[in-house]
Amino acid sequence: MAFSGNFMCTSFKKELLYGAHDFDASSGDTFKIALYTSSATLNAATTAYATTNEVSGTNYTAGGGTLTPVDPTSSGTTALLDFVDETWSSATITARGALIYNTTPNTTSISLTNPAVIVLDFGGDKTSTAGDFTVVFPTADASNAIIRIA
Amino acid sequence: MNDSGLGKVPTFKVDVHTTNGRGFTPEEIAERCANKIIAISDDANPAIRAQAHAFRGELLKTLVFYMREAVKSDRTTVYNALTDAGQTELAKYIRRL
């Protein structure tokens, strides 16, 4: 059992209610995206970043890349969030999916280490060979944005 | 929240773009950029959809032009840095790319 779709992690939803995640683009928390092979099992029950079955390859560092968030906004009655596309350059990588996680959560009210945010399923293995590997986030609108609260 | 009771997110799609033995071209990056700037719904009024597609086409041309300019300008910077470092042959190679 490997990847089975895109998931907003259940623990993340709970942590939002504890005020553990700050997505402000300039002063918020640090969010990272780690890539995983098809052997990884990541789903809604994933609670934190782990190195098991994380990708290894040229110009990929364990832990993944640091994301650049775009300030949260709203459209109609939906609040939404976007990230800038993430690229690993000159990389030789094969990945089936990814995990977005927070490396600097607010732990005032809840104990957390690298808590999971969202699991991404690429739908199949994606490979770059001595090239660029880019994760392209969806359009930041009320119907497609990667994180939405309706 | 945008999910079902199982926590699955049904409506967003993350794309992965990769290259082999090269980087992305200005045309490939401009496509991504245009998609960030303008999204055209299949359900939109046909007249508005046609107008939006026309706008996107013009936007794409402009993006490609300026991305090529940026690449050329950056090559000039790299050329000068390599020349200053005494790597004249490598500098010439970069300029010919």
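What counts as what
Residues numbered from 1 in each chain as written. Chains lettered and ligands numbered in written order. Predicted model: local features only at pLDDT ≥ 70, side-chain atom pairs only at ≥ 80, totals over all residues. Heavy atoms only, no water. pLDDT = per-residue confidence, 0-100. Helix = DSSP H or I, 4+ residues; strand = E, 2+ residues; numbered from the N terminus. Contact = heavy atoms within 4.5 Å. Buried area = accessible area lost by both parts, 1.4 Å probe. Salt bridge = Lys/Arg side-chain N within 4 Å of Asp/Glu carboxyl O. Buried < 20%, exposed > 50% of the residue type's maximum accessible area, 1.4 Å probe, protein only. Expected span 1.5 Å × (residues − 1). Phe/Tyr/Trp six-rings, centres within 6.5 Å; stacked < 30°, edge-to-face > 60°. Lys NZ or Arg CZ within 6 Å of the ring centre and 35° of its normal.

*Asks:* Would you explain the confidence of the model for chain A in this entry?
*Replies:* Interpretation of the predicted coordinates at a detailed level should be avoided for regions scoring low in pLDDT. Predicted confidence across chain A gives a mean pLDDT of 95, with 99% of residues reaching 70 or more. Looking at the elements of chain A, mean pLDDT is at its lowest for strand 8 (residues 147-149) of chain A, recorded as 91, and at its highest for strand 2 (residues 31-36) of chain A, recorded as 98.

*Asks:* How should the interface of chain A and chain B be read in this particular structure?
*Replies:* Where interface size is given, it is often the accessible area lost as the parts come together that is meant. Between chain A and chain B, the contact holds 36 residues from the first and 25 residues from the second. With both chains or domains summed, chain A and chain B bury close to 2,500 Å², and 52% of this area falls on carbon and sulfur atoms. The tally of links from chain A across to chain B stands at 3 salt bridges. Taking the shortest distance from any N to any O, the salt bridge between A:Asp85 and B:Lys36 comes out at 3.6 Å.

*Asks:* Explain helix 1 (residues 10-17) of chain A to me, please; I cannot follow it from the model alone.
*Replies:* Three or four residues apart is the spacing at which side chains of an α-helix point the same way, because the helix has 3.6 residues per turn. All names here are of chain A. Among the residues of helix 1, Ser11, Phe12, Lys13 and Glu15 are the ones counted as buried. Turning to helix 1, the residues buried within the fold contact strand 1 (7-8), strand 7 (116-136) and strand 8. Two residues or fewer past helix 1, Gly19 is found with a positive phi of approximately 70 degrees.

*Asks:* So what exactly am I meant to see when it comes to helix 1 (residues 26-37) of chain B here?
*Replies:* Across its 12 residues, helix 1 of chain B extends 16 Å between first and last C-alpha, which sits within 8% of the 16 Å expected from 1.5 Å per residue. Three or more residues of helix 1 of chain B are buried, namely B:Pro26, B:Ala30, B:Arg32 and B:Ala34.

*Asks:* Hey, could you run me through the environment of A:Asn53 in this one?
*Replies:* Residue and element names in this part refer to chain A. Within the fold, Asn53 resides in the loop between strand 2 and strand 3 (65-66). For the pair Asn53 and Thr129, spaced 76 residues apart in sequence, the C-alpha separation works out to 19 Å. Here Asn53 is in contact with Tyr36, Thr37, Ser39 and Ala40, once residues within four sequence places are set aside.

*Asks:* I would appreciate a short explanation of the packing of aromatic side chains in the present structure.
*Replies:* The geometry of an aromatic ring pair is captured by two quantities: the separation of the ring centres and the angle between the planes. By the definition in use, this model includes 10 aromatic pairs over all chains. Ring plane angle 75 degrees and centroid distance 6.2 Å describe the contact between A:Trp88 and A:Phe133, whose orientation is recorded as edge-to-face. Here A:Trp88 is found in strand 6 (residues 86-102), whereas its partner A:Phe133 is found in strand 7, with 45 residues between them in sequence. For A:Phe133, a relative accessible area of 0% corresponds to the buried category. Among the aromatic residues, ring-to-ring pairing joins A:Phe12, A:Phe23, A:Phe31, A:Phe83 and A:Phe137 into one connected group. Over the ring of B:Phe24 we find B:Arg32, and its NZ or CZ is 5.2 Å from the ring centre.

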